[in-house]
Amino acid sequence: MDIKRAWQSFRLLILFSSKKRGDYVRKHHIYGGCGKDVRLPVGLIPLRAENIFLHNNIEVASGAKFVPHDVIHSVFNHMGEEKYKEHVGRIEVFDNVFIGANAIILGPCNIGPNVIVAAGAVVSKDVPPGSIVGGVPAKVIGNYDELREKRKT
(Lines give C-alpha, C1' and ligand atoms only; values in the text may rest on other atoms or scores of the structure.)
Protein backbone atom coordinates (compact mmCIF):
# COMPACT_ATOMS: atom_id res chain seq x y z
CA MET A 1 0.00 0.00 0.00
CA ASP A 2 1.46 3.36 -0.92
CA ILE A 3 1.85 6.03 1.76
CA LYS A 4 -0.90 8.31 0.39
CA ARG A 5 -3.48 5.49 0.32
CA ALA A 6 -2.41 4.37 3.80
CA TRP A 7 -2.80 7.92 5.16
CA GLN A 8 -6.20 8.38 3.55
CA SER A 9 -7.34 4.98 4.90
CA PHE A 10 -6.21 6.05 8.37
CA ARG A 11 -8.13 9.32 8.05
CA LEU A 12 -11.27 7.40 7.08
CA LEU A 13 -10.81 5.06 10.06
CA ILE A 14 -10.89 7.92 12.55
CA LEU A 15 -13.99 9.58 11.12
CA PHE A 16 -16.92 8.30 13.20
CA SER A 17 -19.71 9.28 10.82
CA SER A 18 -20.44 7.34 7.62
CA LYS A 19 -21.61 10.64 6.08
CA LYS A 20 -18.33 12.34 6.99
CA ARG A 21 -16.40 9.46 5.38
CA GLY A 22 -18.39 9.97 2.16
CA ASP A 23 -17.73 13.71 2.30
CA TYR A 24 -14.00 13.07 2.83
CA VAL A 25 -13.85 10.73 -0.18
CA ARG A 26 -15.61 13.34 -2.33
CA LYS A 27 -13.51 16.29 -1.10
CA HIS A 28 -10.20 14.48 -1.64
CA HIS A 29 -11.17 12.85 -4.97
CA ILE A 30 -10.26 9.40 -3.66
CA TYR A 31 -12.71 7.56 -5.93
CA GLY A 32 -13.20 8.27 -9.63
CA GLY A 33 -16.36 10.12 -8.61
CA CYS A 34 -18.42 10.55 -5.46
CA GLY A 35 -21.76 12.35 -5.31
CA LYS A 36 -23.70 13.88 -2.42
CA ASP A 37 -25.17 11.97 0.52
CA VAL A 38 -22.80 9.02 0.16
CA ARG A 39 -22.38 7.11 3.41
CA LEU A 40 -19.41 4.75 3.68
CA PRO A 41 -18.41 2.22 6.34
CA VAL A 42 -15.09 2.10 8.14
CA GLY A 43 -12.55 0.34 5.96
CA LEU A 44 -9.51 0.61 3.79
CA ILE A 45 -9.57 2.46 0.51
CA PRO A 46 -9.89 -0.14 -2.26
CA LEU A 47 -7.02 -0.67 -4.64
CA ARG A 48 -7.71 1.05 -7.99
CA ALA A 49 -10.27 3.34 -6.28
CA GLU A 50 -10.09 5.70 -9.26
CA ASN A 51 -12.24 3.14 -11.12
CA ILE A 52 -15.11 3.42 -8.62
CA PHE A 53 -17.85 5.98 -9.32
CA LEU A 54 -20.56 6.60 -6.72
CA HIS A 55 -23.49 8.86 -7.57
CA ASN A 56 -25.92 10.39 -5.00
CA ASN A 57 -27.72 9.00 -1.95
CA ILE A 58 -25.78 5.77 -1.50
CA GLU A 59 -25.45 3.83 1.73
CA VAL A 60 -22.75 1.16 1.99
CA ALA A 61 -23.05 -1.10 5.04
CA SER A 62 -20.14 -2.45 7.07
CA GLY A 63 -17.88 -5.02 5.50
CA ALA A 64 -19.00 -4.29 1.93
CA LYS A 65 -16.17 -4.22 -0.60
CA PHE A 66 -15.56 -2.77 -4.05
CA VAL A 67 -13.07 -4.78 -6.12
CA PRO A 68 -12.47 -3.15 -9.51
CA HIS A 69 -9.52 -5.39 -10.38
CA ASP A 70 -8.25 -8.94 -10.18
CA VAL A 71 -4.73 -10.20 -9.70
CA ILE A 72 -4.79 -13.45 -11.68
CA HIS A 73 -2.17 -11.90 -13.96
CA SER A 74 0.31 -12.36 -11.12
CA VAL A 75 -0.24 -16.12 -11.15
CA PHE A 76 -0.05 -16.26 -14.96
CA ASN A 77 3.14 -14.18 -14.98
CA HIS A 78 4.89 -16.75 -12.79
CA MET A 79 4.06 -19.67 -15.09
CA GLY A 80 6.44 -18.96 -17.93
CA GLU A 81 7.87 -16.39 -20.30
CA GLU A 82 4.59 -14.80 -21.43
CA LYS A 83 3.47 -11.62 -19.68
CA TYR A 84 -0.08 -10.75 -18.66
CA LYS A 85 -1.53 -7.44 -17.55
CA GLU A 86 -3.84 -6.67 -14.66
CA HIS A 87 -7.55 -6.65 -15.49
CA VAL A 88 -9.24 -3.50 -14.17
CA GLY A 89 -12.92 -2.68 -14.62
CA ARG A 90 -15.08 0.32 -13.80
CA ILE A 91 -17.67 0.07 -11.03
CA GLU A 92 -20.47 2.62 -11.20
CA VAL A 93 -23.20 2.89 -8.59
CA PHE A 94 -26.09 5.16 -9.54
CA ASP A 95 -28.50 7.14 -7.30
CA ASN A 96 -30.50 5.77 -4.36
CA VAL A 97 -28.63 2.51 -3.74
CA PHE A 98 -28.19 0.51 -0.56
CA ILE A 99 -25.37 -2.04 -0.45
CA GLY A 100 -25.78 -4.51 2.42
CA ALA A 101 -23.22 -5.77 4.90
CA ASN A 102 -20.38 -7.88 3.50
CA ALA A 103 -21.56 -7.55 -0.10
CA ILE A 104 -18.81 -7.70 -2.71
CA ILE A 105 -19.02 -5.62 -5.88
CA LEU A 106 -16.70 -6.89 -8.63
CA GLY A 107 -15.75 -4.77 -11.63
CA PRO A 108 -16.67 -4.16 -14.29
CA CYS A 109 -20.33 -3.56 -13.43
CA ASN A 110 -23.00 -0.90 -13.15
CA ILE A 111 -25.54 -0.86 -10.34
CA GLY A 112 -28.58 0.98 -11.62
CA PRO A 113 -30.56 3.60 -9.73
CA ASN A 114 -33.00 2.57 -6.98
CA VAL A 115 -31.31 -0.74 -6.16
CA ILE A 116 -30.80 -2.76 -3.01
CA VAL A 117 -27.90 -5.21 -2.86
CA ALA A 118 -28.58 -7.76 -0.13
CA ALA A 119 -26.08 -8.54 2.61
CA GLY A 120 -23.44 -11.04 1.50
CA ALA A 121 -24.30 -10.77 -2.20
CA VAL A 122 -21.57 -11.00 -4.81
CA VAL A 123 -22.32 -8.66 -7.72
CA SER A 124 -20.36 -9.66 -10.82
CA LYS A 125 -22.50 -8.15 -13.58
CA ASP A 126 -24.77 -5.17 -14.19
CA VAL A 127 -27.77 -4.75 -11.88
CA PRO A 128 -30.96 -3.41 -13.51
CA PRO A 129 -32.62 -0.26 -12.14
CA GLY A 130 -35.36 -0.73 -9.54
CA SER A 131 -34.31 -4.19 -8.42
CA ILE A 132 -33.25 -5.99 -5.28
CA VAL A 133 -30.43 -8.48 -5.80
CA GLY A 134 -29.00 -11.13 -3.52
CA GLY A 135 -27.03 -14.34 -3.53
CA VAL A 136 -23.78 -15.65 -4.97
CA PRO A 137 -23.70 -14.68 -7.75
CA ALA A 138 -26.27 -11.92 -7.21
CA LYS A 139 -29.63 -12.37 -8.95
CA VAL A 140 -32.80 -10.29 -8.93
CA ILE A 141 -34.90 -11.33 -5.91
CA GLY A 142 -37.29 -8.41 -5.58
CA ASN A 143 -38.47 -4.97 -6.58
CA TYR A 144 -37.23 -1.72 -5.02
CA ASP A 145 -40.51 0.20 -5.38
CA GLU A 146 -42.57 -2.62 -3.85
CA LEU A 147 -40.30 -2.75 -0.80
CA ARG A 148 -40.33 1.04 -0.51
CA GLU A 149 -44.14 1.03 -0.52
CA LYS A 150 -44.24 -1.71 2.15
CA ARG A 151 -41.93 0.21 4.44
CA LYS A 152 -43.93 3.46 4.47
CA THR A 153 -45.03 4.54 7.92
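The following paragraphs examine the structure supplied in this document. Because the structure is a prediction, the values reported are computed rather than measured.

Calculation rules
- Along every chain, residues carry numbers that run from 1 in the direction the sequence is written.
- Given that the model is predicted, a residue must reach a pLDDT of at least 70 before its local features are reported, and side-chain atom pairs must reach 80 or more before they are shown or counted; all residues, however, enter totals for whole chains, interfaces and linings.
- Side-chain measures here rest on the full set of heavy atoms in the structure, leaving out hydrogens and waters.
- Two strands form a pair only when DSSP identifies at least two bridges running between them.
- Numbering of helices and strands starts at the N terminus; helices are DSSP runs of H or I of at least 4 residues and strands are runs of E of at least 2.
- Any Lys or Arg side-chain nitrogen located within 4 Å of an Asp or Glu carboxyl oxygen qualifies as a salt bridge.
- For each residue, the accessible area found with a 1.4 Å probe, counting protein chains only, is set against the maximum for its type, and the residue is called buried under 20%, exposed over 50%, and partly exposed in between.

**Section: the sheet that holds strand 2 (residues 38-39)**
So, point 1. Here we have six strands laid out as an open sheet, ordered 2-4-9-12-14-15, and mixed in their pairing. The open sheet has two free edges, formed respectively by strand 2 and strand 15 (139-143), since each of these has just one partner strand.
So, point 2. Pairing geometry for strand 9 (residues 97-99) and strand 12 (residues 115-117), over three bridges, is parallel. Across the sheet, residue F98 finds its bridge partner in strand 12, namely I116.

**What to know about the sheet that holds strand 3 (residues 52-54)**
So, point 1. Reading across from one edge, 1-3-8-11 is the order of the four strands in this open sheet, with parallel pairing throughout. The sheet terminates laterally at strand 1 (33-34) and strand 11 (109-111), the two strands that pair on one side only.
So, point 2. In this structure, strand 1 lies alongside strand 3, joined through two bridges in parallel fashion. Paired with G33 across the strands is F53, a residue of strand 3.

**A closer look at the pattern of salt bridges**
Between side chains of opposite charge, pairing is possible as soon as their charged atoms come close.
So, point 1. Under the defined criterion, the tally for this structure stands at seven salt bridges.
So, point 2. D23 serves as the salt-bridge partner of R26, at 2.7 Å between the closest nitrogen and oxygen. Of the two residues, R26 and D23 both sit in helix 2 (residues 18-27), three residues apart, roughly one turn of that helix.
So, point 3. Classification of R26 by relative accessible area gives partly exposed; the value is 27%.
So, point 4. Classification of D23 by relative accessible area gives partly exposed; the value is 25%.
So, point 5. R39 is the salt-bridge partner of E59, the closest N and O atoms lying 2.5 Å from each other.

**Overview of unusual backbone geometry**
So, point 1. Here the amide bond leading from G107 into P108 is cis, since omega sits at 0 degrees, within 30 degrees of zero.
So, point 2. Of note, P108 is situated in the loop between strand 10 (104-106) and strand 11.
So, point 3. In the segment running from V136 into P137, the intervening peptide bond is cis, with an omega of -5 degrees.
So, point 4. Looking at the secondary structure, you find P137 in the loop between strand 14 (131-134) and strand 15.
So, point 5. One non-glycine residue with positive phi stands out, namely D37, at about 55 degrees.
So, point 6. Structurally, the position occupied by D37 is in the loop between strand 1 and strand 2.
So, point 7. For N102, which is not glycine, the phi torsion reads 65 degrees and is therefore positive.

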